[in-house]
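Observations on chain architecture
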Amino acid sequence: MQQLIQYTITGLAVGMIYALIALGFALIWKSTRVANLALGQLVLISSWFTYGMLVQAKLPVWLGLICTILFAIFLGWMIERLILRPMIGQPILSLIAVTLGLAYFLEGLVTVIWPVSVAKLPPIFPQGSVNIGSAVVSQEYLWATAISLLLFLLLSVFFKFHKMGIAMRATADDQLAVQACAVPINRIFSMSWIFACIVAAISGILISCIGGITNALIETGFKSFSVVILGGMDSFIGCVIAGPIIGLCENIGAGYLTQVIGPGIKDLIPFIIIILVILFKPYGLFGEERIERI
Amino acid sequence: MNLPCGIRNFSYDTDTAIIRTRTQWCIFILFLCVLISIPFFLSGFMVDIIVLIGITIIAIIGLNIMVGYCGQLSIGHAGFIAVGSYTTAILTNNFQINFFIALVASGIAAGIIGLLFGMPSLRVKGFYLAITTIAAQFIIIWILNHWTDVTHGSMGLAVAPASFGNTVFNSSTMQYYLVTSITALTVFFSTNLARSKIGRAFIAVRDNDLAAEVMGINVFSYKLLAFFLGCFFAGISGSLFAQWRGSITPEDFTFGQSILYIGILIIGGLGTSIGPIFGSLFIRLLEQFVILLAPTVEGTLSSLPTGFATGLSSMIFGLMMIIFLVFEPRGLAHRWNLFKASYRLWPFSY
């Protein structure tokens, strides 16, 4: 029983981070209809950048984090301006492939600049563990959950009420109509990439505080595709609900199935969930079902 | 339209022939002669590179059938290649089956696994299918890593070079002839497949699957056929790779490799029969170039970090992929056609 509580709490917290990474995907998909497969690599490069700022340049934590956010803004802007803008109007296959190229490029960049494969961030959050019931949870998990929830709240409010957010939602709905209303679509695309990169940077910082910086972050990015698929591609609520579900499945499944199947089953569960969801409910829990016309 | 001046079609036979004029025949025979005589005047190292290019071409042709003709984006190609490799390794090691039977068996095994993961294409397409194939890649590699009784996990398996009767293909030259002949057969097959009823159905499904269905094409079975054929060639390529390399581990078939294959196809040109050849040549030679160049660069600039060469080749490759998608989405094949057209019309520009 104690184990179950432990798995549940860890699962929920990790799931919230997955959800945050998936949010970065949904942000871009919602407004530009580009499927960004470079999620994990964006997370990886911003984690390494944080490491460079905090450990190699020895900046104080607050300044380092601000630098990381600025870097994320710059990265998002560059990606949109240089790569995605010339691709507007191309078929979805090219749009997916170009983000794969970006993923490959970023991975190479990380290897060139930070050839060490494993690193640890200095403590950003208070250390020590908290007892919840009979389970012991490290404080970083709680902070990660809280910050993720806060970001969700902020972004939901932004999309609901802010002028830019409304314009973004409208762009997702019908690009031509939005252009006819004199909304600068280019700026909206730019903004959504910048937002996505900021979200990726924050989730990168959170997840590398918990598990250190390794190449496994890329796989974390792929795992969060299961959140995207399960929650439905264009739904924030979907992300918030599917993230913890995936986290729970992963941790509880790993906890109880490891004796049966063997070690490493943890890494497989999200991918099995992807296949199952696509076979039985392809548009996810909250996704909008698309009806096609010729 | 693509014919030289003064050449007309007088029968269906001439219309469907790939090689038309006397010049084309001359070039073709010359090319074959060069292809056959390559091992006599190139060093073993160069021949090995060409063998690798040949193996890549087979894999890319498979991918081209899936992505280029049928429009089903697969980002798990390395996984299917791994299935082929491991099938060959297990069949030849554990059951002492002749390599050439194992070759076909690997193709079929990879094809069946491909069918399995192609099932979702019944309901989804585009991004969802891409994600399914990513999942396929990770699941296949996970199984290879953890089914240690059969695959020996990350230790990998040793594979003997191919043999037929008393002939063992253990030298670079022998490998060259083996791989080149199979590559030539594959190129011939895929070129003709694209012009057949099946190829035209694939293209119809790619361009608009609803319209294709309305016209009486059984979309689902053609999609599955594309998956089967694509993965079949992936399996063949993996099988050749296994016996050429001599040992295989799951590390040879990473997700990065899958992206590499997609990139090669895009750089070569999607949905063309010459594209896979150009793409494989371009990327493999570029890779060798970086490998050759890296020690000199690292030697002169000693302050560079250690992971420079590997990182640099990924960076250059990613950049190439982006540049091609942005500036020449139709790939090198399109450039080649433009070159041919201007050559044919020279000295008149129109």
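Calculation rules
- Residues numbered from 1 in each chain as written.
- Chains lettered and ligands numbered in written order.
- Predicted model: local features only at pLDDT ≥ 70, side-chain atom pairs only at ≥ 80, totals over all residues.
- pLDDT = per-residue confidence, 0-100.
- Helix = DSSP H or I, 4+ residues; strand = E, 2+ residues; numbered from the N terminus.
- Contact = placed C-beta atoms within 7 Å.
- Nonpolar A, V, L, I, M, F, W, Y, C, P; charged D, E, K, R; others polar.
- Axes fitted to C-alpha atoms, helices over the stretch in contact; angles between N-to-C directions.
- Parallel < 35°, antiparallel > 145°, perpendicular 65-115°, else oblique.
- Left-handed = near helix turned anticlockwise from the far one by under 90°.
- Pairing = 2+ DSSP bridges.
- Buried ≥ 20, exposed ≤ 12 C-beta atoms within 10 Å, placed from the backbone.
- Arc of directions from axis to C-beta.

Thoughts on the confidence of the model for chain B
All names here are of chain B.
- Summing up the model confidence of chain B, the mean pLDDT is 88 and the portion of residues at 70 or higher is 97%.
- Taking the mean pLDDT of every element in chain B, the minimum, 81, falls on helix α7 (residues 148–151) and the maximum, 93, on helix α11 (residues 219–245).
- Both confidence scores are given for the complex: pTM 0.90, ipTM 0.87.

Observations concerning the interface of chain B and chain A
- Across the boundary between the two partners, chain B contributes 43 residues, which contact 38 residues of chain A.
- For the side of chain B that touches chain A, the secondary-structure elements that each account for two or more residues are α6 (127–146), α10 (209–214), α12 (255–268) and α14 (308–327) of chain B.
- For the side of chain B that touches chain A, the element with the most residues is α14(B), which contributes 13 residues.
- Classifying every residue of the side of chain B that touches chain A gives 29 nonpolar, 13 polar and 1 charged.

Focus: the packing of helix α2 (residues 39–56) of chain A against helix α9 (residues 216–231) of chain A
All names here are of chain A.
- It is the contact of α2 with α9, at a shortest axis distance of 7 Å, that shows an interaxial angle of 140°. Taken together, the axis directions place α2 and α9 in an arrangement best described as oblique. Where α2 crosses over α9, the handedness of that crossing is right-handed. Only L217, I218, E219, T220, G221, F222 and S224 of α9 make contact with α2, whose side of the interface consists of L39, G40, Q41, V43, L44 and S47.
- The residue makeup of the contact of α2 with α9, split by class, is 6 nonpolar, 6 polar and 1 charged.

Details of the pairing of strand β1 (residues 129–132) of chain A
Residues and elements named next belong to chain A.
- With 4 bridges joining them, β1 and strand β2 (residues 135–138) adopt antiparallel strand pairing. Each residue of the ladder has a partner; that of N131, found in β2, is V136.
- Linking β1 back to β2 in an antiparallel pair, the connection comprises 2 residues, with G133 at a positive phi of about 60°.

Looking at helix α9 (residues 197–207) of chain B
All names here are of chain B.
- The set of residues buried in α9 consists of A201, F202, V205 and R206. For α9, the arc enclosing every buried residue in end-on projection is 140°, short of the 170-degree limit, so these residues lie on one face. Turned more than 90 degrees from where α9 packs its buried face, K197 and D207 sit exposed.
- On its buried side, α9 packs onto α3 (44–69), α10 and α11.

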